[in-house]
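Results of the structural survey
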Amino acid sequence: MFRNYLKIAFRNLFRHKTFSAINILGMALGMACSLLIILWVQDEKAVDGFHANGKQLYQVYERDHNDGKIDAGYPTQGLLAEELKRVIPEVQYASALDYAAAPGTMNTFESGNKVMKQSGNFAGQDFFSMFSYPLLQGNPKTALSAPAGIAISRKMAEDFFGSPGNAINKTILFDNKEDLKVTAVFENLPAHASRKFDFLRSWTDYVKQNNWVHNWGNTSPDTYIQLYKNANPAKVAAAIKYFVYRYKQKDKGSFTELGLQPYPERYLHSTFKNGEPDGGRIDYVHLFTLVAIFILLIACINFMNLATAQSAKRAKEVGLRKVIGAFRSSLVSQFLGEAMMLTFFSVILAVILAASLIPAFNSLTGKQLSIPFAQPLFWLALTALLILTGFAAGSYPALFMSSLNPVRVLKGSLKFSWRATFFRKGLVVFQFVLSILLIVGMIVIYRQVNYIQTTNLGYDRENLVYIPIEGELVKKFELFKEEAGNLPGVLSISKMRNSPTIIEHHTGSISWPGKDPNAQLSFADAVVGYDFVKTMKLKMLEGRDFSRDFAGDSLGFILNETAVNKIGFQNPVGQTVVWGNHPGKIIGVLKDFHFSSMHQTIDPLIVRLDENWPWGTILVRVNGRQTKETLAGLQKICAGLNPKFPFTYTFSDQEFANLYKSEAVVSQLANIFAVLAIFISCLGLFGLATFTAGQRTKEIGVRKVLGATASGVVGLLSKEFLKLLLIAIAIATPLGWFVMTRWLSGYAYKIQLDWWIFALAGLLAIGIAMLTVSYQSIKSALMNPVTSLREN
């Protein structure tokens, strides 16, 4: 019997080649998309999951209650890690971690005649005891204990010394100012490590170089702890909540709390809401998991509709089988088997498509995904997908076909109950609800990303070049400025402690006459050089930029308008503000500009002048028509003044774009998946149109004999589908508004959800669907009525 069923299945497969091909293609596309998304989701969830002590690892974060609001973030106090280990008995290991160079820049190393840039961090002595970064050379307990010691990666060891074994105990020059001894070599970091580094330096050196760490009001590094296996995390969290007040006095009207977050969760849950980790990349994981389910559902519904469209052509076969004694269960088995066979071919095609598309998908997402053919779990999951999808897609057609009345079928009066019709139409509505949701998502995400990329930040990010201050440029900045200023393509030059794209440093040590003693404001703070406002093309609301013509400007401050509004000054220029123990006059007020993520509102900002600040970024405003020649000139000047450091630079607009790389990727993926969802939906709609036209063949013939025009027949057949689409739009619109409102709530600056977005999504769905339906409608309308009336 099985052999007979198989013959029938293959016979039907090849007899109806077009429908079989559409069925297999639609299902394969849905499965291939879902497979790629699942691989991406698994990869995201695997980040930082390789640490053997992962269940005991936690990251400390800080909650600041200021000015009636709660801010939270990962920067903590410089001495917090060692004090937590010393004071809290449940803490087995603790380590701080901070960048060795400004974020986005690298340090320069020299050994022999080799000079290279590498990125890395300062880390505590316990770091290698906590995290699973295996050492090829050295002892994990002492690798970061000695001053002037450095642990380097296998790649760095091979680049400089030929092999890890040759690197140990060798000396390497750091930033042309310190000789460091290689105390350990660690294996190259796995792809699933969230924080990348080529080297680690001793925390002892960090403390020696940064006196501010002894002030518990200052924050910068990340702090990680590892608890003993029998420790209670909730108890530890309660014990460290007000830990900082062991070392500093509590401020009136504001206070700081510490919290714990499991380290494996940090990558996916990296944003905060009301002082608690809430959201981050996990939102994209959830979003695309839903997209994968949606696309697979659309593909299954498409399969059902196409199978049902074929039912009229196989109705007599079912009737004859029942007459000669076939049981319903055997018919159900046959049709389910056929569905499984088509699904099997779809799975094979889906795997081929996914394997072919994975290089392009990796390029788009920045991942290193591959299909795990060698893992038994993959084949088990694929088999489960085959069975579940085949059963889900084939169950309705199998039950429907097996329920046909043989007498009515053989008499040629095949009619379907209102329940069957309602269910079939419901599938189409559901299919297009999902498709319209994806179209709405595509439009909203594209517009939000475009808004971020094109919005006026308050400064001109075009033709603005960042050059790191390193090596001899620290002492020779004035000479660099003089020589670079003579290049014809250079319009102005300044410097800044941070990159203007992100100002991370904040201070709570700002006061002014008449300040409420219970008020505590956190200010972003920046240290800049002369011509800062001119180079950035910022707008002054009041006052002026720092100028060499005013000797007292070194004691003055510039504030942004948010800072002035928070303070409450009516006439701010000339008023006194105290930063720490340094009073100064406000010389200017800047119009607000964005110096952090668009997810956040603009913070109060205070700016002071210091041309001798020993690190940071040189800002060069260049003529866009002479960019290539200007960069060549800047490279030549840097080679002369700073020969031991390779010339590196970044454009402001590129650095800004990197902030929103995830959003840009999501936008592109949303576009692709929305188009595929519509395509697969239209395949199902084509099947339903074929089915409907087949059911109404004689009706159409009679109408034409009685004088109906072809356009009237097309309108008659299309009207039914238009009603279904209007129902889908009515359901999808509030759902889309709810989902996208939640997504946009993560941005402080965002687009409005205008009515036309939903109207456009609906019109696109209607237009594409009507084009799909029109083919079959026109074909039926143009059929000879004599032929139609002769059909049994």
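All values derive from a computational prediction rather than experimental measurement.

With that out of the way, let us pick up the overall build of the protein chain. Along its length, the protein chain carries 24 helices and 27 strands. By residue count, 52% of the 792 residues in the protein chain fall in the buried class. Put simply, 79% of the contacts in the protein chain that link residues at least 6 apart link residues at least 24 apart. When the accessible surface of the protein chain is split by element, carbon and sulfur atoms take 58% of a total near 36,300 Å².

Right, let's get into the side chain of Glu-62. Looking at the element boundaries, Glu-62 is found in strand β1 (residues 57-66). In this structure Glu-62 touches Asp-71, Ala-72, Gly-73, Pro-75, Gln-77, Thr-219, Thr-256, Glu-257 and Leu-258, once residues within four positions along its chain are discounted.

A separate point is the pattern of salt bridges. Summed over all chains, the structure comprises 24 salt bridges. A salt bridge links Asp-159 to Lys-155; its shortest N-O distance comes to 3.0 Å. One end of the pair, Asp-159, and the other, Lys-155, are both in helix α5 (residues 154-161), 4 residues apart, so they sit about a helical turn from each other. Here Asp-222 ties to Arg-195 by a salt bridge, and the two come within 2.8 Å at their closest N and O atoms. Pair noted here: Asp-222 is in strand β12 (residues 222-227) and Arg-195 is in the loop between β10 (178-186) and β11 (199-202), with a separation of 27 residues, a long-range link. Grouping residues by exposure puts Asp-222 and Arg-195 together as buried.

Remark: the centre distance and the inter-plane angle together describe each pair of aromatic rings, the angle taken between the planes. All told, the structure shown has 37 aromatic pairs when counted by the stated rule. Measuring from centroid to centroid gives 5.5 Å for Tyr-133 and Phe-197, while their planes differ by 80 degrees, and the two rings are edge-to-face. A residue pair is termed long-range when its members are at least 10 positions apart, and Tyr-133 in the loop between α4 (127-130) and β7 (135-137) and Phe-197 in the loop between β10 and β11 qualify at 64 residues. Residue classification places Phe-197 among the buried residues on the basis of a relative accessible area of 4%. Taking 6.2 Å as the distance between ring centres and 85 degrees as the angle between the ring planes, the aromatic pair formed by Tyr-206 and Trp-212 counts as edge-to-face. What makes Trp-212 partly exposed here is its relative accessible area of 26%. Aromatic rings pair up to connect Phe-50, Phe-127, Phe-128, Phe-131, Tyr-133, Phe-186, Phe-197, Tyr-224 and Tyr-263 into one cluster. A cation sits over an aromatic face here: Arg-201 above Phe-174, 4.6 Å from the ring centre. In this structure, Arg-497 is placed above the aromatic ring of Trp-613, and the distance from its NZ or CZ to the ring centre is 5.4 Å.

Right, let's get into a nonpolar patch on the surface. A surface patch of nonpolar side chains, about 490 Å² in accessible area, is lined by Trp-755, Trp-756, Leu-760, Leu-764 and Ile-768. The residue Leu-764 is located in helix α23 (residues 755-781) in this model.

When we look at burial in helix α3 (residues 80-87), the residues that qualify are Leu-80, Ala-81, Glu-83 and Leu-84. On an axial view of α3, the arc spanned by its buried residues comes to 170 degrees, and they lie on one face. The secondary structure elements touched by the buried residues of α3 are β1, β3 (91-99), β12, α8 (233-240) and β13 (255-262).

Where helix α15 (residues 477-485) meets helix α18 (residues 627-641), the axes come as close as 10 Å, and the angle between the chain directions of the two elements is 150 degrees. When the axis of α15 is compared with that of α18, the two are roughly antiparallel. Seen from above, α15 lies across α18 with right-handed handedness. Contacts between α15 and α18 involve Leu-479, Phe-480, Glu-483 and Ala-484 from the first element and Leu-634, Ile-637, Cys-638 and Leu-641 from the second.

A few words now on the pairing of strand β8 (residues 149-153). Working note: regular strand, side chains alternate between the two faces of the sheet. Among the 5 residues of β8, 5 are classified as buried, and the element is accordingly described as predominantly covered. Here β8 shows no split at all, with Gly-149, Ala-151 and Ser-153 on one side and Ile-150 and Ile-152 on the other all buried. The pairing of β8 with β10 spans 5 bridges and is classified as parallel. Opposite Gly-149, over in β10, you have Lys-181 as the bridge partner.

In this structure, Asp-48 is a non-glycine residue whose phi angle is positive, near 65 degrees. Structurally, the position occupied by Asp-48 is in the loop between α2 (17-46) and β1. At Asp-531, a residue that is not glycine, the phi angle is positive and equals roughly 65 degrees. Along the chain, the position of Asp-531 falls in the loop between β20 (523-528) and α16 (532-536).

Attention shifts here to the environment of Tyr-747. Structurally, Tyr-747 is set in the loop between α22 (710-744) and α23. According to the relative accessible area criterion, Tyr-747 is buried, its value standing at 3%. The spacing of Tyr-747 and Gln-600 is 147 residues in sequence and 6.6 Å in space, taken between C-alpha atoms. In contact with Tyr-747, other than residues within four places in its own chain, are Tyr-284, Gln-448, Ile-452, Met-598, His-599 and Glu-663.

Thresholds, definitions, all that
- Residues numbered from 1 in each chain as written.
- Predicted model: local features only at pLDDT ≥ 70, side-chain atom pairs only at ≥ 80, totals over all residues.
- Heavy atoms only, no water.
- Helix = DSSP H or I, 4+ residues; strand = E, 2+ residues; numbered from the N terminus.
- Buried < 20%, exposed > 50% of the residue type's maximum accessible area, 1.4 Å probe, protein only.
- Contact = heavy atoms within 4.5 Å.
- Areas by Shrake-Rupley, 256 points an atom, 1.4 Å probe, with all protein chains shown as cover.
- Salt bridge = Lys/Arg side-chain N within 4 Å of Asp/Glu carboxyl O.
- Phe/Tyr/Trp six-rings, centres within 6.5 Å; stacked < 30°, edge-to-face > 60°.
- Lys NZ or Arg CZ within 6 Å of the ring centre and 35° of its normal.
- Patch = residues over 30% accessible without salt bridge, like charges linked within 9 Å, V, L, I, M, F, W, Y side chains within 5 Å.
- Arc of directions from axis to C-beta.
- Axes fitted to C-alpha atoms, helices over the stretch in contact; angles between N-to-C directions.
- Parallel < 35°, antiparallel > 145°, perpendicular 65-115°, else oblique.
- Left-handed = near helix turned anticlockwise from the far one by under 90°.
- Pairing = 2+ DSSP bridges.

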